[in-house]
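Spelled out, the chains give:
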Amino acid sequence: MSHPAYGVPRQVTPFASVVLEDNPGPMTLDGTNTWVLRAPGSTGSVVVDPGEEDLPHLERVLAEAGEIESILITHHHADHVGGATWLAEKAGAPVRAFDPALCRGEGPLRDGDILQLAGLDLEILHTPGHSADSICIAIDHAGSSAVLTGDTILGRGTTVIAPPDGELGSYLDALKTLATHKPGAAVLPGHGPDLPDLAAVAQEYLAHREQRLDQIRRALAQLGPSATPRQIVEVVYADVDQALWAPAEWSVRAQLEYLRRQP
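Reference entry: report on the structure contained in this document. Per chain, residues are indexed from 1 in the order of the written sequence. Owing to the predicted nature of the model, reporting of local features is limited to residues with pLDDT of at least 70; listing and counting of side-chain atom pairs is limited to 80 or more, with chain, interface and lining totals taken over all residues. Side-chain numbers here rest on the full set of heavy atoms in the structure, without hydrogens or water.

1. A closer look at the overall build of the protein
Okay, step 1: Numbering of helices and strands runs from the N terminus, with a helix taken as a DSSP run of H or I at least four residues long and a strand as a DSSP run of E at least two residues long. Within the protein, the secondary structure is distributed over 7 helices and 11 strands.
Okay, step 2: To get the radius of gyration, use the C-alpha atoms; to get the globule rule, take the number of residues to the power 0.38 and multiply by 2.2 Å. Taken over C-alpha atoms, the radius of gyration comes to 19 Å for the protein, in line with the 18 Å a tight globule of 263 residues would show.
Okay, step 3: Dimensions of the protein, computed from the C-alpha atoms along their principal axes, are close to 60 × 35 × 35 Å.
Okay, step 4: Residue exposure (1.4 Å probe, protein chains only): buried if accessible area is under 20% of the type maximum, exposed if over 50%, otherwise partly exposed. Buried positions account for 54% of the 263 residues belonging to the protein.
Okay, step 5: By element, 52% of the accessible surface of the protein is carried by carbon and sulfur atoms, the whole surface being about 11000 Å².
Okay, step 6: Only four residue types enter the tally: Lys and Arg on the positive side, Asp and Glu on the negative side, with His and both chain ends excluded. Where a charge lies is defined by one atom per residue type, namely NZ (Lys), CZ (Arg), CG (Asp) and CD (Glu). Measuring between centres, the 18 positive side-chain charges of the protein sit 5 Å from its 35 negative side-chain charges. Accessibility throughout is a Shrake-Rupley quantity obtained with a 1.4 Å probe, and a residue counts as covered only by protein chains that appear here.

2. Side note on the packing of helix 4 (residues 168-179) against helix 5 (residues 198-223)
Okay, step 1: Where helices are involved, their axes are fitted lines through C-alpha atoms of the stretch in contact, as for all axes, and angles between N-to-C directions lie from 0 to 180°. Between helix 4 and helix 5, the least distance of the axes is 8 Å, while the angle of their chain directions is 150°. Judged by the inter-axis angle, helix 4 sits roughly antiparallel to helix 5. Crossing geometry of helix 4 relative to helix 5 is assigned as left-handed. Two secondary-structure elements touch here, helix 4 through Leu168, Tyr171, Leu172, Leu175, Lys176, Leu178 and Ala179 and helix 5 through Leu198, Ala199, Ala202, Gln203, Tyr205, Leu206, Arg209 and Leu213.
Okay, step 2: When the residues that make up the contact of helix 4 with helix 5 are grouped by side-chain class, the tally is 12 nonpolar, 1 polar and 2 charged. Relative orientations are named as follows: roughly parallel for angles under 35 degrees, roughly antiparallel for angles over 145 degrees, roughly perpendicular for angles from 65 to 115 degrees, and oblique for any other angle. Each crossing is labelled by how the near helix is turned from the far one, with a counterclockwise turn of less than a right angle marking it left-handed and a clockwise turn marking it right-handed. Working rule for contacts: check all heavy atoms of both residues, and any pair within 4.5 Å makes them a contact. Under the scheme applied, nonpolar residues are Ala, Val, Leu, Ile, Met, Phe, Trp, Tyr, Cys and Pro; charged residues are Asp, Glu, Lys and Arg; polar residues are all the others, including Gly.

3. Looking at the pairing of strand 1 (residues 10-13)
Okay, step 1: Paired strands, in this sense, are two strands between which DSSP finds at least two bridges. Where strand 1 and strand 2 (residues 16-20) come together, 3 bridges link them in antiparallel fashion. Within strand 2, the residue paired with Arg10 across the bridge is Val18.
Okay, step 2: In this antiparallel pair of consecutive strands, strand 1 and strand 2, the connection spans 2 residues.

4. With respect to the side chain of Thr32
Okay, step 1: With respect to the helices, strands and loops of the structure, Thr32 is situated in the loop between strand 2 and strand 3 (33-37).
Okay, step 2: Looking at Thr32, its side chain comes within polar contact range of the main-chain oxygen of Asp79, at 2.9 Å. Definition of a polar contact: a pair of N or O atoms within 3.5 Å, with one able to donate and the other able to accept a hydrogen when the atoms are protein atoms, and with sequence-neighbouring residues admitted only if both atoms are side-chain atoms.

5. Side note on the pairing of strand 2
Okay, step 1: The element strand 2 is largely enclosed, with a buried count of 5 among its 5 residues.
Okay, step 2: Side chains Ala16, Val18 and Leu20 project from strand 2 onto one buried face, and the interleaved Ser17 and Val19 project onto a second face that is buried too.
Okay, step 3: Of the strand pairs in this sheet, strand 2 and strand 3 are connected by 5 bridges, and their pairing is antiparallel. Paired with Val19 across the bridge in strand 3 is Thr34.

6. Section: the sheet that holds strand 6 (residues 95-96)
Okay, step 1: Judged by pairing direction, the sheet is mixed, and its 6 strands sit side by side in the order 1-2-3-4-5-6 without closing on themselves. Edge strands, defined here as strands with exactly one partner in the open sheet, are strand 1 and strand 6.
Okay, step 2: Looking at chain direction, strand 4 (residues 44-48) and strand 5 (residues 67-72) are connected through 5 bridges and run parallel. Each residue of the ladder has a partner; that of Gly44, found in strand 5, is Glu67.
Okay, step 3: The sheet contacts of helix 1 (residues 55-65) involve strand 2, strand 3, strand 4 and strand 5, and relative to strand 2 the element is tilted by about 160°.

7. So, helix 7 (residues 245-261)
Okay, step 1: An ideal rise of 1.5 Å per residue puts 24 Å on 17 residues; helix 7 measures up with 24 Å between its terminal C-alpha atoms.
Okay, step 2: Every buried residue of helix 7 is listed here: Trp245, Pro247, Ala248, Glu249, Ser251, Val252, Ala254, Gln255, Leu256, Tyr258 and Leu259. Multiplying 1.5 Å by the residue count of a helix minus one yields the expected span of that helix.

Everything listed is a geometric property; what it means functionally is a separate question.
See the structure below:
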């Protein structure tokens, strides 16, 4: 579960290895996880989220992946998709995502698609919330299960919901779906370390969101119903590093929109 050195491939499951990009930051944690998928014995591979247009990282991914059959994108943010065009050109591989604008060489992904690639069956789950085009990718192979979660579930902390592309109601629905996944499926996130049980983590995420919503309700009772997101952040996130207040404000805006739509 611990991260390797940057650029050093690490085998996480029998069919998934990760190459950590050297782009750490408040939004990327340790950096972007680029996943390389292949069944044992397969000569082909699938790359998920190439990361930014960072040539040293992309060259390491290309070396690790070998013959790339497809490049899949979990969502449109640049720290996941920025390097896709370069990698696609070098590998002669298509790029596929939920958003048609990100696709190259083949059509967009849709909820429920089963892709047969690199000796694996990859199930596409549309999980909007962090972004409208967010997907997860579920794999069950030879007794080992995992779900690549992009930024829907992170290996550490919680994800930002930034309106208008991010929407809390959709995100809660996505978490409820992931919480019903069979126990013991590994979480292979877009940032942070892998985790052992998707269903359990999704339940923890739901509980955390409910706690935050309760805090927002109490802040509104204290500040008044017309309180701004910034005012609420100063109350609810008073014990959080102020460097994180800007993304916190995005999430508070999403929570306010959600609460104000409730009957």
